Amino acid sequence: MTIPFFPDDLFEADRQAFLDLLYEVGTDEEQKFILGRRTAQLERETAAAARVEHAVACSSGTGGLNLAVQAVGVGPGDEVIVPAFCCQPVASSVANRGATPVFADVDPHTMVMDPASTEELITERTRALMPAHVFSIMADMPAMNKIGRAHGLTVIEDAAVAQGAVLDGTPSGAWGDLGVFSYFQVKAFGTAGEGGMVVTDDAELARRVRMLRNHGQDGVNRFLHHDIGQNSRFDEILAAFQLHRAAGFADRLERRARIADYYTERFAPLADRGLVAPPAGRNGRCYYVYSLLVERREDLRAWLTEKQIGSHIYYPVPLPLQPAFAKYAPEGADWPRARQVSARNLAIPIWPHLGDAQVEFIADSVCEFFD
Ligand SMILES: *Cc1c(COP(=O)(O)O)cnc(C)c1O
């Protein structure tokens, strides 16, 4: 039994639907392949599901963060606090505006941006906070919003991996002033291509994001550019495919959560033997990825490889230690917990279409390693 970490059959069950939609959009009389009625419908459905007023589809999660940062008006001289252990767009979206990403350390267990480390870094230049949900766990949004309010900062919620997750009754994406989802194929609501969504309750921010995603145009007056924007438009075929896939989304999330429940129960006894599993439960969990923290990570990885179980190491180098962001890493600063989780995280498969026998085999294999 070979279990890849990145399966090659993620969309297999939707193959015929995809081909039908490709034909439908391709032969549609209106010949509109971007930002058409299907995109508009996906925006309405996404806003309703996230319980926000506005959703604006864009070219990717990265594109969404770029738009959010620009819409907020972040520019040269401004600072935005981002997690030191994360996907690089949290930092590049800020640096690309000529502003400074300021790296906060993360929680050593949940791996999300740590509120105390965040608050310490606030200066008079700070404009925004950008907490990100990571792997299985939503960021501490109540704490982030509290810090944001206390200091008059905008909160940009990187919910790229956590569409569909709910914390204390509020969906991910709806916590921040702006939230961003990603449709990159392996994300919770991934697709067969690139895409993303910016969500917000703020009508003015939504208007700005909508304008910026299409070269600063207002959608009515072609070639009238109100602002210097970007090309971050969304594809009609993928909008149609996401509308189709939305029907099974809740079930896929539930299946992921059940696999996670099972893993977490199986791994609980290993806590004192060098394996830390994500915290149990459903509140504020997303299970896009199931990441263990393991002291003997390379050995466990080799053991799983031997058993033909794929695994994956995310972000082996924290952002401020990357060559690209060296100039934003203050002399003498350190992010010990980001370094630690970079050195210890190991993700095991959690795809919704994994069978029970496969899930059991993966859990057995991990447990055997510690016996
Ligand atoms: C994937 C991801 C992004 C970027 O999304 P893309 O659609 O790949 O551009 C941003 N932030 C986090 C935390 C992510 O995991």
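Residues numbered from 1 in each chain as written. Predicted model: local features only at pLDDT ≥ 70, side-chain atom pairs only at ≥ 80, totals over all residues. Heavy atoms only, no water.

- The protein chain is annotated in an unreviewed UniProt entry as DegT/DnrJ/EryC1/StrS family aminotransferase of Streptomyces synnematoformans.
- UniProt, in its Sequence similarities (unreviewed entry) section for the protein chain, records the words "Belongs to the DegT/DnrJ/EryC1 family." (UniProt positions renumbered as here; feature names shortened; annotations may be inferred.)

### Brief notes about the sheet that holds strand 12 (residues 345–348)
Okay, so step 1: One open sheet holds the three strands; their spatial order is 10-11-12, and the pairing between them is antiparallel. Among the strands making up the open sheet, the edge pair consists of strand 10 (275–276) and strand 12.
Okay, so step 2: Across two bridges, strand 10 lies against strand 11 (residues 290–294) in antiparallel orientation. Of the residues in strand 11, the one forming a bridge with Leu275 is Val294.
Okay, so step 3: On the sheet, helix 9 (residues 297–306) packs against strand 11 and strand 12 and is oriented at approximately 20 degrees with respect to strand 12. (Pairing = 2+ DSSP bridges. Helix = DSSP H or I, 4+ residues; strand = E, 2+ residues; numbered from the N terminus. Contact = heavy atoms within 4.5 Å. Axes fitted to C-alpha atoms, helices over the stretch in contact; angles between N-to-C directions.)

### What to know about the site of the ligand
Okay, so step 1: Inspection of the region around the ligand gives 13 residues, with Gly61, Thr62, Asp158, Ser182 and Lys187 positioned closest.
Okay, so step 2: In this structure, an oxygen atom belonging to the ligand sits 2.7 Å away from a main-chain N or O atom of Gly61.
Okay, so step 3: In the environment of the ligand, an oxygen atom lies 2.5 Å from a nitrogen or oxygen atom belonging to the side chain of Thr62.
Okay, so step 4: When the ligand sits alone it has 380 Å² of accessible area, and the protein chains cover 92% of it.
Okay, so step 5: More than half of the atoms belonging to the ligand lie within 2 Å of the grid points that define the second largest pocket.
Okay, so step 6: Among the residues making up the shell around the ligand, the classes are represented as seven nonpolar, four polar and two charged. (Near = heavy atom within 4 Å. Polar contact = N/O pair within 3.5 Å; in protein donor to acceptor, adjacent residues only side chain to side chain. Areas by Shrake-Rupley, 256 points an atom, 1.4 Å probe, with all protein chains shown as cover. 1 Å grid on protein atoms, 1.4 Å probe; cavity = no way out; pocket = protein on both sides within 12 Å on 5 of 7 lines; lining within 4 Å. Sits in = over half its atoms within 2 Å of the grid points. Nonpolar A, V, L, I, M, F, W, Y, C, P; charged D, E, K, R; others polar.)

### Here's the deal with the nonpolar core
Okay, so step 1: Counting residues in hydrophobic clusters, the biggest one holds 103 residues, and the most contacted among them are Phe103, Met130, Tyr263, Phe267, Tyr290 and Leu292.
Okay, so step 2: Split by domain, this core shows at least three residues from each of two domains, domain 1 (12–247) and domain 2 (249–370).
Okay, so step 3: Among residues more than four places away in sequence, those in contact with Phe267 are Leu275, Ala277, Tyr290, Leu292, Ile348, Ala363, Val366 and Cys367. (Core = buried A, V, L, I, M, F, W, Y, C linked by side-chain atoms within 4.5 Å. Buried < 20%, exposed > 50% of the residue type's maximum accessible area, 1.4 Å probe, protein only. Domains from an automatic or database assignment.)

### A short note on the packing of helix 3 (residues 61–72) against helix 7 (residues 203–212)
Okay, so step 1: Two elements in contact, helix 3 and helix 7, have axes separated by 9 Å at closest approach and are oriented at 125 degrees. Considered as vectors, helix 3 and helix 7 are oriented oblique to each other. Regarding helix 3 and helix 7, the two cross each other, and that crossing is right-handed. Across the interface between the two elements, Leu67, Gln70, Ala71 and Val72 of helix 3 pack against Leu205, Arg208, Val209 and Leu212 of helix 7. (Parallel < 35°, antiparallel > 145°, perpendicular 65-115°, else oblique. Left-handed = near helix turned anticlockwise from the far one by under 90°.)

### A short note on the domain arrangement of the protein chain
Okay, so step 1: The domain architecture assigned to the protein chain consists of domain 1 (12–247) and domain 2 (249–370).
Okay, so step 2: Listed per partner, the contact involves 43 residues of domain 1 and 35 residues of domain 2.
Okay, so step 3: Counting the surface lost from both domain 1 and domain 2, the interface buries some 3,400 Å², and carbon and sulfur atoms represent 65% of this.
Okay, so step 4: Ranking the residues of domain 1 by area buried against domain 2 places Phe103, Phe135 and Ser136 at the top, with a combined share of 21%.
Okay, so step 5: There are two salt bridges connecting domain 1 and domain 2.
Okay, so step 6: When the shortest N-O distance is used, the salt bridge between Arg337 and Asp114 registers 3.8 Å. (Buried area = accessible area lost by both parts, 1.4 Å probe. Salt bridge = Lys/Arg side-chain N within 4 Å of Asp/Glu carboxyl O.)

### Comments concerning the pattern of salt bridges
Should their charged atoms come close, side chains of opposite charge can pair.
Okay, so step 1: Scanning the entire structure with this criterion turns up 25 salt bridges.
Okay, so step 2: In this structure, the salt-bridge partner of Asp14 is Arg245, at a minimum N-O distance of 2.8 Å. Of this pair, Asp14 sits in the segment before helix 1 (15–27) while Arg245 sits in helix 8 (residues 236–267), and the two are 231 residues apart along the sequence.
Okay, so step 3: We classify Asp14 as buried; its relative accessible area is 13%.
Okay, so step 4: Arg245 gets classed as buried once you look at its relative accessible area, which sits at 7%.
Okay, so step 5: Notably, a salt bridge pairs Asp105 with Arg337, separated by 3.4 Å at the nearest N-O pair. Remark: Arg337 occurs in helix 10 (residues 336–344) and Asp105 occurs in the loop between strand 3 (100–104) and helix 5 (115–120); sequence separation between them is 232 residues.
Okay, so step 6: Judged by its relative accessible area of 6%, Asp105 is buried.
Okay, so step 7: Given the relative accessible area of 28%, Arg337 is considered partly exposed.
Okay, so step 8: When salt bridges that share partners are traced, they join Glu24, Asp28, Glu30, Arg37, Arg38 and Glu236 into one network.

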